[in-house]
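A closer look at the structure
Letter by letter, the chains look like this.
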Amino acid sequence: MSETTPSQSLAQSHDGRDDAILPFAVEPLDVRGRVVRLGPSVDTILRRHGYPDTVARLLGEAAALTVLLGSSLKFEGRFQLQTKSDGPVEMVVVDFEAPDRVRATARFDAGRVAAAGPRAGTAQLLGHGHLAMTIDQGSAQSRYQGVVALEGQGFEEAAHQYFRQSEQIPTRVRLAVAEQVEGGGEGPGNSWRSGGLLVQFLPHSPDRARLADLPPGDLPEGHALLDDSRPQEDDAWVEAKSLIATIEDHELVDPTVSSERLLYRLFHERGVRVFEAQGVHEACRCSRERVMGMVRNFSPEERREIVGEDGRIGITCEFCSRHYDLDPAEVEAEIARDEGHGPQG
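As a starting point, this report considers the structure included with it. (Residues numbered from 1 in each chain as written. Predicted model: local features only at pLDDT ≥ 70, side-chain atom pairs only at ≥ 80, totals over all residues. Heavy atoms only, no water.)

1. Quick notes on the overall build of the chain
Per the secondary structure count, the chain includes twelve helices and 15 strands. Buried positions account for 45% of the 345 residues belonging to the chain. Intrachain contacts of the chain at a sequence separation of at least 6 include 65% that bridge at least 24 residues. (Helix = DSSP H or I, 4+ residues; strand = E, 2+ residues; numbered from the N terminus. Buried < 20%, exposed > 50% of the residue type's maximum accessible area, 1.4 Å probe, protein only. Contact = heavy atoms within 4.5 Å.)

2. Some words on helix α3 (residues 53-70)
Between its terminal C-alpha atoms α3 stretches 25 Å, which fits the 26 Å expected from 18 residues at 1.5 Å a residue. Of all 18 residues in α3, 16 are buried, a share of seventy percent or more. (Expected span 1.5 Å × (residues − 1).)

3. Focus: the nonpolar core
The biggest cluster of nonpolar side chains holds 49 residues, and the ones touching the most others in it are L46, L59, L65, V67, V92, V94 and F155. Listed in part, the 23 residues of the second largest apolar core include V31, I244, I247 and V253. (Core = buried A, V, L, I, M, F, W, Y, C linked by side-chain atoms within 4.5 Å.)

4. What to know about the environment of V148
Along the chain, the position of V148 falls in strand β8 (residues 143-151). Classification of V148 as buried rests on a relative accessible area of 1%. In this structure, the C-alpha to C-alpha distance between V148 and S166, residues 18 residues apart in sequence, is 9.3 Å. When near neighbours in sequence (up to four residues on either side) are disregarded, V148 contacts G129, H130, L131, Q153, A158, Q161, Y162 and Q165.

5. Let's talk about the state of the cysteines
What we call a disulfide is simply a covalent bond connecting the sulfur atoms of a pair of cysteines. The tally for this structure, following the rule as stated, stands at zero disulfides. Unpaired in terms of disulfides, C284 finds its nearest cysteine sulfur in C317, a separation of 3.5 Å. Relative accessible area serves as the criterion here: at 12%, C317 is assigned to the buried category. (Disulfide = S-S within 2.5 Å.)

6. Side note on the sheet that holds strand β6 (residues 101-108)
Spatially, the six strands line up as an open sheet ordered β8-β7-β4-β5-β6-β13, and their pairing is mixed. Looking at which strands have only one partner, the edges of the open sheet turn out to be β8 and β13 (281-282). Note that strand β4 (residues 78-85) and strand β7 (residues 128-136) share eight bridges and pair antiparallel. Its bridge partner being in β7, S85 is matched across the sheet by G129. Strand contacts of helix α6 (residues 155-167): β4, β7 and β8, with the helix running at about 130 degrees to β8, the strand carrying the most contacts. (Pairing = 2+ DSSP bridges. Axes fitted to C-alpha atoms, helices over the stretch in contact; angles between N-to-C directions.)

7. Considerations on the packing of helix α10 (residues 288-296) against helix α12 (residues 328-338)
α12 packs onto α10 with a crossing angle of 80 degrees between their chain directions and a minimal axis gap of 11 Å. Between α10 and α12, the crossing angle belongs to the class labelled roughly perpendicular. Between α10, through R288, M292, V295 and R296, and α12, the contact on the second element is made entirely by V331, E334, I335 and D338. Classifying every residue of the contact of α10 with α12 by side-chain character gives four nonpolar, no polar and four charged. (Parallel < 35°, antiparallel > 145°, perpendicular 65-115°, else oblique. Nonpolar A, V, L, I, M, F, W, Y, C, P; charged D, E, K, R; others polar.)

8. Things to note about the side chain of E61
Looking at the element boundaries, E61 is found in helix α3. Here E61 occupies a buried position and makes no salt bridge, while the nearest side chain of opposite charge, R174, is found at 7.7 Å. Aside from chain neighbours lying at most four places away, what touches E61 is T122, F155, L175 and V177. (Lys, Arg positive; Asp, Glu negative; His and termini not counted. Salt bridge = Lys/Arg side-chain N within 4 Å of Asp/Glu carboxyl O.)

9. A look at unusual backbone geometry
Excluding glycine, most residues fall at negative phi; most peptide bonds, likewise, are trans. Each neighbour pair has its own omega, and for A98 with P99 the value is 5 degrees, a cis peptide bond. Within the secondary structure layout, P99 lies in the loop between β5 (89-97) and β6. A positive phi angle is found at D30, which is not glycine, with a value near 55 degrees. Its location among the elements puts D30 in the loop between β2 (20-26) and β3 (31-38). Not every positive phi belongs to a glycine, and S321 is a case in point at roughly 70 degrees. Relative to the assigned elements, S321 resides in the loop between β14 (313-316) and β15 (323-326).

10. Some thoughts on the pattern of salt bridges
Per the stated rule, a full pass over the model turns up 24 salt bridges. Across the pair R143 and D136 runs a salt bridge whose closest N-O atoms are separated by 3.2 Å. Exposure remark for R143: the relative accessible area of 46% places this residue in the partly exposed category. One network of salt bridges, in which partners are shared, links R78, D95, R103, D136 and R143.

11. A word on the side chain of R78
Within the secondary structure, R78 sits in strand β4. Overall, the relative accessible area of 18% leaves R78 in the buried class. At 3.1 Å, the side chain of R78 forms a polar contact with the side chain of D95. (Polar contact = N/O pair within 3.5 Å; in protein donor to acceptor, adjacent residues only side chain to side chain.)

Below is the structure:
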């Protein structure tokens, strides 16, 4: 993996790069992380379905978070983020297929989204339910899933909760989404952008990474804890968190502020090392073979029920909107042949 170390080179970098993941390390603070900038990839996803602006922002956040987390995979596999909740946005699914493919979709109640208003945030749109993060290496034995309860928080806090309870790694995540306006108004020239930053405290000594226990819920108001034995946050992590807290949303999505320049602004006093960037692009996994695999799992009665009035089986991919038009007779013949009940052509 190639590296560039001098912070001066970061200060002089003006080449912003969209659809890329930039890993970095701040060794004096024992932190490592990634910056992600999504441009054409997330714009393609959001424009394809014509989502309302609030839903587009929510899905853009989910896409940035999924790429941040999924890009940590050291093998060819899939990382999926999925929500199911009682809010106006009933479900969000984002797939990241390592090392560089992302797709995303959302289901929502248009009436409830409109009623929530144009300023509705992620937490309000998600409501209550759960967020699942799944790592899939291709077999049932290699699947891992972490689940976080959605209780009125957004994706940033849900991610923090996930790392507290599942990974127990001190972590901070920042997410932002914006529509870049061209020509001063609405129109086809506008484009969606999303960005994110993930920073983790990974000291060589495990004791330094221990998280302080949460105070007991029955502690009387105004009383201080007397137990000084509880682990306190490491000074290096406190400093890193304070620097991350200074990030403005626009810095994560501004095309004139590259990931390198953002990292330089945050950590130049300590020195930051960046590694080789990884590109990302929007790509769907659907195919006729995958659609046939899904239809094959239906019972004969269920297959008859999905035949339309035109006598065809029509299936549209929720991710990329590609439509598959199947002949029921060909479907049954193919299933019979695969099961060894029909002629081998």
